[in-house]
Amino acid sequence: MKYDIILSGVGGQGVLSLASVIASAAVEAGFKVRQSEVHGMSQRGGAVMAHMRISDGEIYSDLIAQGTADMILSMEPLESLRYLPWLAPDGILITSAGPLVNIPDYPELEEVHKTINALPSAKLVNDRELAKEAGSSRVGNMVIVGAASSHLPFSMDQLKKAVARLFFRKGEKIVEVNYKALDLGNKVS
Amino acid sequence: MSEFVVLGDEAVALGAIHGGVSSCYGYPGTPSTEVMEYLLEYSKGKGAPFARWSSNEKTALEEGLGTSFAGKRAIVTMKHVGLNVAADAFMNGALLDIKGGLVIVVADDPGMHSSQNEQDSRFFADFAKVMCLEPVNQQQAYDMTREAFDLSEKFNIPVVVRLVTRLSHSRASIVTSTPRAENPLDKALNKRDWILLPANARRRWDSLLTRQKEMLEYTEFTASNPLKINKENTSRGVITTGLGYNYFMENASELADNPSHLHIGAYPIPEDKIRALADCVDEIVILEEGYPFVERLLRGLLPISTSIKGKMDDEVPMQGELTPDNIRPVLGLAPRTVSVSSMELPGRPPQLCMGCPHDDTFRVIKEVQAELDESTVTSDIGCYALAALPPLEVPETIICMGASITAAKGASEAGLNNVMAVIGDSTFLHSGLTGLVDCVSCDTDITIIIVDNETTAMTGGQDTILPSSRLENVVRGFGVEEAHLLTIPAHRKFHEENKEKLRKELSHKGVSVIIAVRECVETARKVKKKESAS
């Protein structure tokens, strides 16, 4: 078994903490994980991506080969499209529907959504709305993980355990809000 | 034995801790920063090893040499271009009779994710005639760091551990082994082996040359350089170095001919192993992360019977990183089918954060420039380099640490007017001080703007080596005239006042230093978060 995910977004959107929840759950489930991240200059409001590789066997490359990723999971719709060359023909793209406009030439959002919806397998998630419903505008990334959860090679239970482990220092309430965000994301079809 | 999920950088740090390191020095630089960050965090909790940032890579390496002289183990960390700064200490340190193990961790940045070049540190190790170990994964990063300390003490040389961005910033689990105790304090007693006067240096050089053979014997037999011969396939073999191994292995299951394979992870280059491989095959494909370091040696100058495919004949891209995809053509594998977006995507380059003090300072400069017939702005390495991108596009040169001041000095002395040098607080203390002394000694017509955000921001907000309240005194001490040494608040509120002050200093025909102060917004946010948590 191998499951490769391209994670994307804009620097500052919490792509790395989203990655750490998935990685932690995968380790909990007994898989080997490799996760390649971007640090430094590109984190400053620019496009960021991380390669996450989950497998029950040896993983050699930190980078996912083009045309082989099982999933693109993105915090930003335009950014999700940037990494299409990595997606396998039968892979799924799951992204936040909400744009982050910090460039002058951001295209029409409608066109971005249309392009995403035209893919064989894609999900646009209204994470900002659902995050608010969960109780905090800051848990959009957990809504996105929730929306991906049914495709991931481990259970929602294991995801929640990872959240509990990573966020327990922040208090029970924050953990609960994150759980709710995962559940709300999970219901998005 | 315990299992940890760590970054490649952190695996090196753990290897050093378990390898009995006593002192850790470095200067922040992507992608090497997290080695020291881990060591600093660890030592905060345990009280050992001694871990501190240094002013620059040269001071860091010299401090490490001092640790070794005292008989203890030291690790020194830097990014690839940092080794240029430390080169004097590095090249000469190789001649010393290294006592306590000295490991120099250098993180290269092929692809230039956060750097101004993609130089390959294996050349530097070769230049100094010391050993270099190159891990391909986190486990090796841990194991090889420990091994590097032992080799340093075995051969009495500094040993380089070469990392690259993709390993430094990739996470995986490692299994650690039993920690080793620190060395006792045991000063090197033979002064002749640590005083590089010519007569001693000649003897030390002779000794280093003699030890080359022993180092080579080691790399011919080490498990880090595995050679797997497939006698059935005489047509081709593969040599990999660094992460080339990972990308080759990723594709290997698709290669029906199962080629013989030599991986090189320890240098000096194991020559006999390469000859043994060449004896079995007609063609060698070589995949190296970085420059064609081994390939160049393989090709030589005179005709050879083995055909070689690699970077130097453009079979593999000469620039940038290797990937699991760009090595497929040279291996004879078809490219994978790839889908692309049906719409055109605009780029999203990094930019200064919202509310960044540098943004305010560069707006002041840009507006004052617009009033002048002629002006020049040089800049330096750090977040503020992003002012070179739209919408600001102010700096005209960005070269290397500290060069804003010195390049501006040269440009001013060549005849350009209204020359401004913009440099960050940490970069100024790293390499700007000597340039300022040059300016003062020549009474150069220059306006130096130190953008002081009270942190080393680009690499994640490490404390600057001196608290920024002392910067003014440092500048004053060099002899900058009191009337032309100003501290201004880097804030929109003072925009017009700041413009007026800059105009005035530009009209002064001599050295002016303006220190534009405001804390980095990221650092301020982190401090606030910490305070509210406690």
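All figures in this text were calculated on a predicted structure; none of them were measured in a lab. (Residues numbered from 1 in each chain as written. Chains lettered and ligands numbered in written order. Predicted model: local features only at pLDDT ≥ 70, side-chain atom pairs only at ≥ 80, totals over all residues.)

Honestly, the overall build of chain B in this entry has me stumped. Any pointers?
Helix and strand counts for chain B come out as 19 helices and 20 strands. Against the compact-globule benchmark of 24 Å for 534 residues, chain B has a radius of gyration of 26 Å, which places it among compact chains. Along the first, second and third principal axes, the C-alpha atoms of chain B reach 80 × 70 × 55 Å. In chain B, which comprises 534 residues, the proportion classed as buried is 52%. Contacts in chain B between residues at least 24 apart in sequence constitute 78% of all its contacts with a sequence separation of at least 6. (Helix = DSSP H or I, 4+ residues; strand = E, 2+ residues; numbered from the N terminus. Rg over C-alpha atoms; globule rule 2.2 N^0.38 Å. Buried ≥ 20, exposed ≤ 12 C-beta atoms within 10 Å, placed from the backbone. Contact = placed C-beta atoms within 7 Å.)

Can you walk me through the domain arrangement of chain B in this structure?
When the parts come together, some accessible area is lost, and that loss is often what is quoted as the size of the interface. All names here are of chain B. Considered domain by domain, chain B is made up of domain 1 (3–221), domain 2 (227–331) and domain 3 (357–525). Here domain 1 and domain 2 have C-alpha centroids that lie 27 Å from each other. Counting only elements with at least two residues in the side of domain 1 that touches domain 2, the list comes to helix H6 (121–128), strand S6 (132–133), helix H8 (165–168) and helix H9 (198–221). A per-element tally of the side of domain 1 that touches domain 2 places H9 first, with five residues. Grouping the amino acids of the side of domain 1 that touches domain 2 by side-chain chemistry returns twelve nonpolar, three polar and seven charged. (Domains from an automatic or database assignment. Nonpolar A, V, L, I, M, F, W, Y, C, P; charged D, E, K, R; others polar.)

How should I be thinking about the packing of helix H6 (residues 156–167) of chain A against helix H7 (residues 172–186) of chain A in this particular structure?
When two helices pack together, you describe them by how their axes are tilted relative to each other and by the distance separating the axes. Residue and element names in this part refer to chain A. Taken N-terminus to C-terminus, the directions of H6 and H7 make an angle of 150°; their axes are 10 Å apart at the nearest point. In terms of their interaxial angle, H6 and H7 are classed as roughly antiparallel. In this structure, H6 meets H7 at a crossing whose hand is right-handed. Facing H6, whose interface residues are Met 156, Leu 159, Lys 160, Val 163, Ala 164 and Phe 167, H7 presents Ile 174, Val 175, Asn 178, Tyr 179, Leu 182 and Asn 186. A breakdown of the residues in the contact of H6 with H7 according to their chemical character gives nine nonpolar, two polar and one charged. (Axes fitted to C-alpha atoms, helices over the stretch in contact; angles between N-to-C directions. Parallel < 35°, antiparallel > 145°, perpendicular 65-115°, else oblique. Left-handed = near helix turned anticlockwise from the far one by under 90°.)

I keep staring at the sheet that holds strand S11 (residues 260–264) of chain B and nothing clicks. Help me out?
The strands that make up a sheet pair up through hydrogen bonds in the backbone, lying either parallel or antiparallel. Residue and element names in this part refer to chain B. Ordered in space as S9-S11-S10-S13-S14, the five strands form an open sheet in which the pairing is mixed. Edge strands, defined here as strands with exactly one partner in the open sheet, are strand S9 (227–228) and strand S14 (307–309). Relative to strand S10 (residues 236–241), helix H10 (residues 244–252) is tilted by about 135°, and along the sheet it contacts S10, S11 and strand S13 (283–288). Across the sheet, helix H11 (residues 271–280) lies against S9, S10, S11 and S13, angled at about 165° from S11, the strand it touches most. (Pairing = 2+ DSSP bridges.)

Would you take a moment to explain the interface of chain B and chain A for this structure?
Between chain B and chain A, the contact holds 37 residues from the first and 41 residues from the second. Among the secondary structure elements, those contributing two or more residues to the side of chain B that touches chain A are strand S8 (170–175) and H10 of chain B. Looking at which element gives the most residues to the side of chain B that touches chain A, the answer is H10(B), with four residues. Residues that form the side of chain B that touches chain A fall into these classes: 18 nonpolar, 13 polar and six charged. Bridging between strand S2 (residues 32–36) of chain A and S8(B) involves two bridges; their strand directions are antiparallel. Residue pairing in the sheet places A:Ser36 in a bridge with B:Ser170 of S8(B).

Looking at this structure, I do not really get the environment of B:Val527. What am I missing?
Assignment of secondary structure puts B:Val527 in helix H19 (residues 521–533). With 20 residues separating them along the chain, B:Val527 and B:Ser507 place their C-alpha atoms 39 Å apart.

What is the right way to read the confidence of the model for chain A from this model?
Keep in mind that low pLDDT regions are not for reading the predicted coordinates in detail. With 97% of its residues at a pLDDT of at least 70, chain A reaches an overall mean of 93. For chain A, the element scoring lowest by mean pLDDT is helix H1 (residues 15–28) of chain A, at 90; strand S4 (residues 69–74) of chain A scores highest, at 98. (pLDDT = per-residue confidence, 0-100.)

Looking at this structure, I do not really get the sheet that holds strand S15 (residues 376–379) of chain B. What am I missing?
Residues and elements named next belong to chain B. The six strands lie next to each other as S16-S15-S17-S18-S20-S19, forming an open sheet whose pairing is parallel. Among the strands making up the open sheet, the edge pair consists of strand S16 (397–398) and strand S19 (485–489). In the sheet, strand S17 (residues 419–424) pairs with strand S18 (residues 446–452) via five bridges, with the strands oriented parallel. If you follow Ala 421 over to S18, its bridge partner there is Ile 448. Sitting on the sheet, helix H14 (residues 357–371) touches S15, S17, S18 and strand S20 (511–517), and the angle it makes with S18 is about 160°. With respect to the sheet, helix H16 (residues 425–442) is in contact with S17, S18 and S20, its orientation differing from that of S17 by roughly 145°.

Could you clarify how one ought to interpret the confidence of the model for chain B in this entry?
A residue-level look at chain B finds 99% of positions with pLDDT of 70 or above and a mean pLDDT of 96. Here the predicted complex scores 0.95 on pTM and 0.93 on ipTM.

Got a minute to help me understand the nonpolar core in this structure?
The nonpolar side chains of a soluble globular protein tend to be buried, and buried together. In terms of nonpolar packing, the biggest core is built from 137 residues, with B:Val103, B:Val105, B:Met131 and B:Ile450 touching the most fellow members. If we skip the residues at most four places from it in the chain, B:Val103 touches B:Ala16, B:Ile75, B:Thr145, B:Ala148, B:Phe149, B:Ser152, B:Val159 and B:Val161. Within the second largest apolar cluster, 61 residues are counted, among which are A:Phe31, A:Trp86, A:Leu130 and A:Val177. (Core = buried A, V, L, I, M, F, W, Y, C linked by C-beta atoms within 7 Å.)

Explain unusual backbone geometry here, please?
Both trends apply: most residues other than glycine have a negative phi, and most peptide bonds are in trans. All names here are of chain B. With an omega dihedral of 10°, the bond running from Thr 30 to Pro 31 counts as a cis peptide bond. Counting through the fold element by element, Pro 31 comes out in the loop between strand S2 (23–26) and helix H2 (33–46). In this model, Glu 393 sits at a positive phi of 50°, which is unusual for a non-glycine residue. Among the secondary structure elements, Glu 393 is positioned in the loop between S15 and S16. Residue classification places Glu 393 among the exposed positions, given that 11 C-beta atoms sit within 10 Å. Although it is not a glycine, Asp 443 sits at a positive phi angle of roughly 50°. In this fold, Asp 443 is placed in the loop between H16 and S18. Classification of Asp 443 by C-beta neighbours within 10 Å gives exposed; the count is 12.

I tried to follow the packing of H1(A) against H6(A) on my own but got confused; where do I start?
Residues and elements named next belong to chain A. One way to put it is that H1 packs onto H6 with a least axis distance of 8 Å and a crossing angle of 115°. Where H1 crosses over H6, the handedness of that crossing is right-handed. Side by side, H1 and H6 meet where Ser 20, Val 21, Ser 24, Ala 25 and Glu 28 of the first sit next to Gln 158, Leu 159, Lys 161, Ala 162, Val 163, Arg 165 and Leu 166 of the second. In terms of residue class, the contact of H1 with H6 is built from six nonpolar, three polar and three charged.

What is the right way to read the pairing of strand S4 (residues 74–79) of chain B from this model?
Working note: regular strand, side chains alternate between the two faces of the sheet. All names here are of chain B. Counting buried positions along S4 gives six out of six residues, so the element sits mostly inside the fold. In S4, alternate side chains face the same way, and those of Ala 74, Val 76 and Met 78 on one face and Ile 75, Thr 77 and Lys 79 on the other are all buried. Both S2 and S4 contribute to a ladder of four bridges, which runs parallel. Bridge pairing in S4 places Ser 23 opposite Ala 74. Pairing analysis gives six bridges linking S4 to strand S5 (residues 102–108), with the strands arranged parallel. Looking at S5, one finds that Met 78 is bridged to Val 106.

Explanation requested: the pairing of S17(B) in the structure shown.
Residues and elements named next belong to chain B. Among the six residues of S17, six are classified as buried, and the element is accordingly described as predominantly covered. Side chains Val 419, Ala 421 and Ile 423 of S17 all project onto a buried face; the interleaved residues Met 420, Val 422 and Gly 424 project onto the opposite face, where all are buried too. Pairing of S15 with S17, which is carried by three bridges, proceeds in the parallel orientation. Bridging across to S17, Thr 378 finds its partner in Ala 421. The β-α-β motif built from S17, the intervening H16 and the parallel element S18 has right-handed crossover chirality. (Right-handed = clockwise from strand over helix to strand, strands pointing away.)

How should the environment of B:Glu505 be read in this particular structure?
Residue and element names in this part refer to chain B. Relative to the assigned elements, Glu 505 resides in helix H18 (residues 495–507). Taking the number of C-beta atoms within 10 Å as the measure of exposure, Glu 505 has 23 and is therefore buried. Each C-alpha atom of the pair Glu 505 and Arg 363 lies 17 Å from the other, and the pair is 142 residues apart in sequence. Excluding anything up to four places from it in sequence, Glu 505 contacts Thr 447, His 484, Ser 512 and Ile 514.

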